[in-house]
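# Chains, contacts and geometry: an overview
Spelled out from the first residue to the last, the chains are:
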Amino acid sequence: MNTRYYCTTPIYYVNGAPHIGHAYTCVATDVLARWKRLEGREVFFLTGTDEHGQKVEKAAADAGVDPQTFIDGMADGFRAMAEKMNTSHDRFIRTTEPEHKKAVAALWSRLEERGEIYLGSYEGWYAVRDEAFYGEDELTLKPDGKRYAPTGAPVERVTEPSYFFRLSRWGDALLKLYEDQPDFIAPQARRNEVISFVKQGLTDLSISRTSFSWGVPVPGDAKHVVYVWLDALTNYLTAVGYPDETSPAWPFWPADLHMVGKDILRFHAIFWPAFLMAAGLPLPRRVFAHGWWTVEGEKMSKSLGNTIEPGALVDEFGLDPVRFFLLREVPFGNDGDFSRRAMIGRMNTELANDLGNLAQRTLSLIARNCDGALPARGAETGEDATLLRDAASLPAKMGAQIDRQAFHEALEEAWKVIRAANGYIDRQAPWALKKTDPDRMRDVLRVLADVLRIIATVMQPFVPGSAARMLVQLGVREAAGEQVPFAALETHLEEGTRLPAPQGIFPRFVDEAV
C-alpha cells in the first residue's frame with residue numbers, strides 16, 4: 001500500500017464570501033484526510049483560494065479597491081472558514097503566490113515546447129461568472145434576448161487574440177482513461193455526463209486572454225494572461241513543489257483525490273487530465289463531484305437572502321453537530337437541502353439520544369457501580385461476542401465506504417453498532433444486574449466501554465472534538481490531543497483504569513425560536 005495520500009479541495013474563487021457549499025467540501029475532504037491518518041498514512045491535504053481572472057478584477061473594481069487588496073481580504077475569509085470548520089489541511093495555497101506563478105509559467109512552457117500550444121484568435125461565447133467558454137449548442141436564448149450558459153450565467157461574445165491548447169488531440173486518450181480507470185470520475189452519473197460530452201468531440205481550448213490584466217502573464221508574451229482555469233488547476237502541482245521534482249513534497253504526486261463541486265467537474269475531469277497528459281505528467285487517481293445544497297427547499301442566492309454563512313451555523317448549533325449533519329443528511333454526491341428541522345432532528349435523535357445517551361448511561365453506571373474504574377474483561381456470552389465483533393469490524397467497513405466517498409454509508413455502519421449497543425444495554429439492564437449478578441453487571445459495562453472506545457475512535461474524523469472528549473472519559477488518554485490511530489485498538493485498555501467523572505458529550509438542542 002502506498003503510505004502517502006494526497007487529497008485536495010478545489011481552490012475557492014474569491015469574488016464572494018464563503019458559504020455552506022464551501023464548508024461542505026472542506027469538511028468532506030477533512031474527514032477523508034483524518035481517516036487516512038488514522039490508518040497510518042502520511043497525508044497531504046490541500047485547500048486554498050483562486051485569485052485571478054476577469055471576475056475578480058471586476059469585483060475589485062466594483063468595490064473600489066485594487067485587485068490585490070480585494071483578494072487579500074477575501075482570502076482571509078476563506079482561511080477563517082477552514083479554521084472555523086476545524087479542517088486539518090496541511091497547506092492553504094493562494095494563486096497570487098510567487099511560487100505558483102512560477103509553476104504556471106513552467107507548465108505553460110512545457111506544453112509549448114511539446115507543441116501543444118499555438119497562437120490564434122478566439123471568437124465565441126464566454127461567461128465571466130463561470131470563467132468558461134461555451135459552444136453555441138450549449139446556450140439557451142431567453143425571452144430577454146440574451147444567451148445563457150447551462151449554469152444560468154449570462155454569456156458575452158468575445159473576439160480577441162488567444163493562445164490555444166490542442167485539446168482536440170486528447171479526446172481519444174481521455175475516453176481510454178475513463179474506460180481503463182472506471183473509478184477516475186465519481187459518482188457514476190457524473191462520469192456518464194463527462195464521457196457523453198467528450199464523445200461529442202472536443203475543440204481546441206482558448207487558454208489566454210488580452211481583455212484584462214489580472215492574471216499570470218504568458219511566458220514571452222506579456223500582452224496575454226493565462227486562462228484562469230489553466231492557472232487555477234496548476235495549484236495542485238504548485239503545492240507539492242512543481243516544477244522542482246526533487247522537492248520533498250513531490251512524492252505525493254499524483255493526487256489521490258480531487259474533491260470538487262459538480263459545477264466544476266468538466267475542468268477537473270477533461271481539461272486537467274488533458275493538460276497533464278500533454279505535459280507528460282502523471283494523472284490524479286480520482287475526481288469526485290459532490291452535489292449542491294439548497295436551503296429550506298430553495299436555491300441559495302444573495303437576492304433571496306438565504307445564503308448560509310458557515311460560521312453563523314457553527315455558532316448556533318456547534319461545530320461537530322454541523323460537521324456530522326453535512327455528511328449524514330444526504331447521500332454524498334447527491335444534492336441536499338438544509339433545514340433547521342432536519343439539523344435539530346439529527347442533533348437530538350442521533351447525536352444526543354443514540355450516541356450521547358449510550359455514552360452517558362454507560363459511563364455513569366461505571367462511575368456509580370465500579371468506583372469510577374474500568375472493569376476487567378470477563379467471560380463473553382454469545383451476545384457480547386456479537387456486539388464486540390460488529391464494533392471491531394467498523395474500521396474496515398467504514399474505510400471501504402470512505403474510499404468510495406460514501407460518507408453517509410460509513411456513518412450508517414457506525415450507527416448500526418450504536419443502535420445495537422443501545423438495544424444491548426436495554427436487554428442486559430446492568431442497573432438491575434447490580435442486585436442480582438454484580439459480576440455480570442461488570443462484564444456488561446466492560447463490553448459497552450470497549451464498544452464505545454471503538455465508536456469514539458472511528459468517529460474522530462467526523463466529530464473530532466466530541467470524539468476526543470469521549471476517549472478521555474473512557475480512559476484512552478488523559479487529555480484531548482492528537483488523534484488516536486486505529487492501531488491503538490489492537491491493545492486492550494487496562495482494567496482498573498480510573499475514569500474521569502462522566503460529562504454529557506452531545507446535549508439536546510432546544511430551539512429558542514420554538
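Residues numbered from 1 in each chain as written. Predicted model: local features only at pLDDT ≥ 70, side-chain atom pairs only at ≥ 80, totals over all residues. Heavy atoms only, no water.

As annotated in an unreviewed UniProt entry, the protein chain is Methionine--tRNA ligase from Granulibacter bethesdensis. In its Subunit (unreviewed entry) section, UniProt records this for the protein chain: "Monomer." In UniProt, the protein chain has this text filed under Function (unreviewed entry): "Is required not only for elongation of protein synthesis but also for the initiation of all mRNA translation through initiator tRNA(fMet) aminoacylation." (UniProt positions renumbered as here; feature names shortened; annotations may be inferred.)

## As for the overall build of the protein chain
Along the backbone of the protein chain there are 18 helices and 19 strands. In terms of overall dimensions, the protein chain is globule-like: its C-alpha atoms have a radius of gyration of 26 Å, near the 24 Å expected for 514 residues. In terms of its C-alpha atoms, the protein chain occupies a principal-axis envelope of roughly 90 × 50 × 40 Å. Across the 514 residues in the protein chain, those meeting the buried criterion constitute 58%. Of the accessible surface of the protein chain, which amounts to about 21200 Å², a share of 51% is contributed by carbon and sulfur atoms. (Helix = DSSP H or I, 4+ residues; strand = E, 2+ residues; numbered from the N terminus. Rg over C-alpha atoms; globule rule 2.2 N^0.38 Å. Buried < 20%, exposed > 50% of the residue type's maximum accessible area, 1.4 Å probe, protein only. Areas by Shrake-Rupley, 256 points an atom, 1.4 Å probe, with all protein chains shown as cover.)

## Looking at the sheet that holds strand E18 (residues 298-299)
Strands sit in the order E18-E17-E19 across an open sheet of three strands; the sheet is mixed. At either end of the open sheet lies a strand with only one pairing partner, and these are E18 and strand E19 (336-338). Here strand E17 (residues 293-295) runs beside E19; their pairing, made up of three bridges, is parallel. From the neighbouring strand, Trp293 faces E19, where its bridge partner is Gly336. (Pairing = 2+ DSSP bridges.)

## Overview of the packing of helix H10 (residues 310-317) against helix H11 (residues 319-328)
Across the interface, H10 lies against H11 with an axial gap of 7 Å and an inter-helix angle of 115 degrees. For the pair H10 and H11, the contacting residues are Leu313, Val314 and Phe317 in the first and Leu319, Pro321 and Val322 in the second. The residue makeup of the contact of H10 with H11, split by class, is six nonpolar, no polar and no charged. (Axes fitted to C-alpha atoms, helices over the stretch in contact; angles between N-to-C directions. Contact = heavy atoms within 4.5 Å. Nonpolar A, V, L, I, M, F, W, Y, C, P; charged D, E, K, R; others polar.)

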